[in-house]
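# Geometric and topological summary
Okay, here's what each chain looks like letter by letter:
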Amino acid sequence: RGGAAAIGREWHNLDAMRLDPRRQLVERRHLGDTGRAPRRPEIEHDAPADEFGKLMRPPVTIMQNERRRRQRRHHQRHRADRGKAFLGQRFADQRRRRYRAGERERHAACQNCHAGIPFVTDQPETITSGVANPGPDVNRPSPDQPSANQQWGGRFAAGPAAIMQEINASIDFDRALWRQDIRGSLAHAAMLAKVGIISGEDEAAIRAGLAAIAAEIEAGTFPFAAALEDIHMNIEARLTERIGEAGKRLHTARSRNDQVATDFRLWVRDAIDGLDAQMVDLMRALVSRAAEHAADPMPGFTHLQTAQPVTFGHHLLAYVEMLARDRGRLADARRRLNECPLGAAALAGTSFPIDRAMVAAALDFDRPMANSLDAVSDRDFALEFLAAAAIAAMHLSRLAEEIIIWCSAPYRFVTLSDAFTTGSSIMPQKRNPDAAELVRAKTGRIMGALVGLLTVMKGLSLAYAKDMQEDKEPVFDAARALSLALAAMAGMVRDLRPETARLREAAGAGFATATDLADWLVRALHLPFREAHHITGRLVARAEAKGVDLADLTLAEMQAVEPRITAEVFSVLSVEASLASRVSFGGTAPANVARAAQAWLERLA
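All of these numbers come straight from a predicted model, not from anything done at the bench.

## Some words on the overall build of the protein
- When you go through the protein residue by residue, the secondary structure sums to 23 helices and six strands.
- The 605 residues of the protein split such that 43% are buried.
- Total accessible area on the protein stands at roughly 31,200 Å², and carbon and sulfur atoms take up 54% of it.

## Considering the pairing of strand E2 (residues 305-311)
- Pairing analysis gives six bridges linking strand E1 (residues 297-302) to E2, with the strands arranged antiparallel. If you follow Met298 over to E2, its bridge partner there is Val310.
- Taking the residues between adjacent antiparallel strands as the criterion, E1 and E2 are bridged by two residues, where His303 takes a positive phi near 60 degrees.

## So, the pattern of salt bridges
- Counting across every chain of the model gives 32 salt bridges.
- Note that Arg497 is salt-bridged to Glu499, the shortest N-O span being 3.0 Å.
- A salt bridge links Arg582 to Asp519; its shortest N-O distance comes to 3.6 Å. A residue pair is termed long-range when its members are at least 10 positions apart, and Arg582 in the loop between helix H22 (575-581) and helix H23 (590-604) and Asp519 in helix H19 (residues 514-525) qualify at 63 residues.
- Linked by salt bridges that have partners in common, Glu216, Arg238, Glu241 and Arg242 make up one network.

## Comments concerning the nonpolar core
- Ranked by internal contacts, the top residues of the largest apolar core, which has 104 residues, are Phe385, Leu482 and Met489.
- Residue contributions to this core peak at 16 residues, all from helix H15 (residues 380-407).
- Look past the residues within four positions of Leu482 in its chain and what remains in contact with it is Leu275, Met279, Ala389, Ala392, Ala393, Leu396 and Ile446.
- If you look at the next biggest cluster of nonpolar residues, it comprises 20 residues, including Ala514, Leu517, Val572 and Leu573.

## Section: the layout of surface pockets
- Each pocket or cavity is described by its volume, and for the second largest pocket that value is around 330 Å³.
- Surrounding the second largest pocket, 16 residues form its lining, Glu321, Phe585, Gly586, Asn592 and Ala596 being those nearest its centre.
- Counting residues per element, the ones that place at least two in the lining of the second largest pocket are helix H12 (312-337) and H23.
- With seven residues, the top contributor of residues to the lining of the second largest pocket is H23.
- In terms of residue class, the lining of the second largest pocket is built from eight nonpolar, five polar and three charged.

## Observations regarding unusual backbone geometry
- Cis rather than trans, the peptide bond between Leu462 and Ala463 has omega equal to 5 degrees.
- Mapped onto the elements of the fold, Ala463 is located in the loop between helix H16 (434-457) and helix H17 (472-495).
- Although it is not a glycine, Asp364 adopts a positive phi angle of roughly 65 degrees.
- With respect to the helices and strands, the residue Asp364 is situated in the loop between helix H13 (356-362) and strand E4 (367-368).

## Structural notes on the packing of helix H11 (residues 256-292) against H12
- In contact at an axis separation of 9 Å, H11 and H12 are set at 165 degrees when each is read in the N-to-C sense. Compared by their axis directions, H11 and H12 come out roughly antiparallel. The way H11 lies across H12 gives a crossing that is left-handed.
- Looking at the contact of H11 with H12 residue by residue, the class counts come to 19 nonpolar, one polar and nine charged.

## Observations regarding the packing of aromatic side chains
- Under the criterion given, the structure shown has seven aromatic pairs.
- With 4.6 Å between their ring centres and 50 degrees between their planes, Trp267 and Phe476 make a pair best called tilted. In this pair, Trp267 is assigned in helix H11 and Phe476 in helix H17, connecting sequence segments 209 residues apart. The exposure classification of Trp267 matches that of Phe476, with both residues buried.
- One aromatic cluster is present, formed by Phe264, Trp267, Phe381 and Phe476 through successive ring pairs.
- Here the guanidinium or amino end of Arg175 rests over the ring plane of Phe224, the centre of that ring lying 4.1 Å away.
- Between the NZ or CZ atom of Arg603 and the centre of the ring of Trp600, over which it lies, the distance is 3.9 Å.

## Digging into helix H18 (residues 500-507)
- Of all the positions in H18, only Arg502, Leu503, Ala506 and Ala507 are classed as buried. Along the axis of H18, the buried positions cluster into a sector of 135 degrees, meaning they face one direction only. The exposed set on the far side of H18, more than 90 degrees from its buried face, consists of Ala501 and Glu505.
- The inward-facing, buried residues of H18 contact E1, E2, H12, strand E6 (497-498) and H22.

## Focus on the environment of Gln308
- Within the secondary structure, Gln308 sits in strand E2.
- By relative accessible area, Gln308 is classed as partly exposed at 28%.
- If we ignore the near neighbours within four places in the chain, the residues touching Gln308 are Met298, Pro299, Gly300, Ala512, Thr515 and Arg582.
- A polar contact is formed between the side chain of Gln308 and the side chain of Thr515, at a distance of 3.4 Å.

## Digging into a positive patch on the surface
- Residues Arg68, Arg69, Arg72 and Arg73 make up a contiguous surface patch of positive charge.
- Among the structural elements, Arg72 can be located in helix H4 (residues 47-108).
- With relative accessibility at 47%, the residue Arg72 sits in the partly exposed group.

## Some points on helix H8 (residues 200-219)
- If you check H8, its first and last C-alpha atoms are 29 Å apart, about what 20 residues at 1.5 Å a residue would give, namely 28 Å.
- Where H8 is concerned, the buried positions are Asp202, Glu203, Ile206, Gly209, Leu210, Ile213, Ala214, Glu216 and Ile217. With its buried residues spanning 155 degrees around the axis, H8 presents them on a single face. In H8, the exposed positions angled more than 90 degrees off the buried face are occupied by Glu201, Glu218 and Ala219.
- Of the surrounding elements, those touching the buried residues of H8 are helix H7 (178-194), helix H9 (231-243) and helix H10 (245-248).
- Directly after H8, the chain includes Gly220, whose backbone phi takes a positive value near 80 degrees.

Parameters and conventions
- Residues numbered from 1 in each chain as written.
- Predicted model: local features only at pLDDT ≥ 70, side-chain atom pairs only at ≥ 80, totals over all residues.
- Heavy atoms only, no water.
- Helix = DSSP H or I, 4+ residues; strand = E, 2+ residues; numbered from the N terminus.
- Buried < 20%, exposed > 50% of the residue type's maximum accessible area, 1.4 Å probe, protein only.
- Areas by Shrake-Rupley, 256 points an atom, 1.4 Å probe, with all protein chains shown as cover.
- Pairing = 2+ DSSP bridges.
- Salt bridge = Lys/Arg side-chain N within 4 Å of Asp/Glu carboxyl O.
- Core = buried A, V, L, I, M, F, W, Y, C linked by side-chain atoms within 4.5 Å.
- Contact = heavy atoms within 4.5 Å.
- 1 Å grid on protein atoms, 1.4 Å probe; cavity = no way out; pocket = protein on both sides within 12 Å on 5 of 7 lines; lining within 4 Å.
- Points joined across faces, edges and corners; volume = space filled by probe spheres on them.
- Nonpolar A, V, L, I, M, F, W, Y, C, P; charged D, E, K, R; others polar.
- Axes fitted to C-alpha atoms, helices over the stretch in contact; angles between N-to-C directions.
- Parallel < 35°, antiparallel > 145°, perpendicular 65-115°, else oblique.
- Left-handed = near helix turned anticlockwise from the far one by under 90°.
- Phe/Tyr/Trp six-rings, centres within 6.5 Å; stacked < 30°, edge-to-face > 60°.
- Lys NZ or Arg CZ within 6 Å of the ring centre and 35° of its normal.
- Arc of directions from axis to C-beta.
- Polar contact = N/O pair within 3.5 Å; in protein donor to acceptor, adjacent residues only side chain to side chain.
- Patch = residues over 30% accessible without salt bridge, like charges linked within 9 Å, V, L, I, M, F, W, Y side chains within 5 Å.
- Lys, Arg positive; Asp, Glu negative; His and termini not counted.
- Charge placed at Lys NZ, Arg CZ, Asp CG, Glu CD.
- Expected span 1.5 Å × (residues − 1).

Written as structure tokens, this is what we have:
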């Protein structure tokens, strides 16, 4: 009865038991043991105890279910890990097969490929997936494995891991420097021969070998090899393969550090010259169209709201001025970069009696760089180029944005032909100014290149660091993007057709001659400009309330605001009169625009 009484007391706490999982956990072991006892307590005949027993059985089930859930989760995780490992290894195998196939194809294209240099795919190159076991030889080549790069292999007993080769090699992009690299090597070899470091016969062999290599690269038959890392080692290895010992003497008194700095400066200098020519072409296109439309009115905007009438030619000449400044920035960058790093060697100069001035003159540099540390570690020239390119791209983006707006249905200021527009896959009426939109978008890439290289350089101590390998891709990409944007913009400027009637209509809308009215009040009535401004504002409000332009107000309506106004005021309220009055230097008067266009045509001839 004592046990039954206790159970009876528990009867009053059934709801609490349901809400107290911690109590269930405390009791469930005892109940589990009770269920396995030889003779279970005979309490079934007591109603409260029976109910209590039914209530307390679920914790045992909860415990069993929890154990089963844990087992299931364990097996699921195990299967998932095995699946990830399998898929990771599978994808790694696929990448490895594709990589080997590409290397074999390039290897097969070469007649005398990589003499004495192990073929890259003969080395262990398993790429780890992050979950699969990479194996012991992926990141730790065996000591008896030959070095993959015979040019610097004396220090190394084994070749690099596959992933090291992948991150270290730059030949996929710095092959763009091949012309500059060969030109620099020719100048260096000529200097070495003149000062007696190498013989004349060796210099002649080097010159002939480099000419043959240039022909191979032009023809697309040169055997570029990732195992040789970069364009410098690829060319030097091929030269040695062709001419023997003389090729090994070419690198005397220089390092790849000063070599790449020289090649890169030559490349940027060539890029500046090419972009300058493209800017001149765009400026000529703009000036030509400006001369055609020197007197055609259009609305001038501030805040994208109608402000004052200008001419279409005047608007185009504003971009000519911007491009002129862009050319000036590129010219400044070119002038500062035109110093020669070659001869600085790795960082400290060289003990050989070289003639750096001779090399600088042969490569059309103004002078050798004065400090060997600065020579190999400076990338200001690339940053200046990118900064100038970013500003130029921003100017192109502004013009592109205006063309996009002008082509839209609400404006209808200009029309582009099918040559510079595209259609829609679903809307047959569309004519999209995609060329202008892409010019606008490429500005982001060019600006990003500048920020990216600034970030690479900001933390580098002197002198050279491999971080600087990341300098070329953003510069190459920015130069290509800017070149393409300039070409597209020149094409669009020559292609677009101004809708002069629509431009004239818009030029007179929005009370565009209000400033002319205020100026007349100052000149004719000798009012202070601020007072004239207030009177004009009241007249604009009256015209707006009537739904008419300023010129459509009657003289009486104007005199109701300012009694001294005379009929002469109407002579300044037309668009043509407004344009003709803007005769100050740089103003939009058609005569000014015509003279400015002619002056630019003469300067750009």
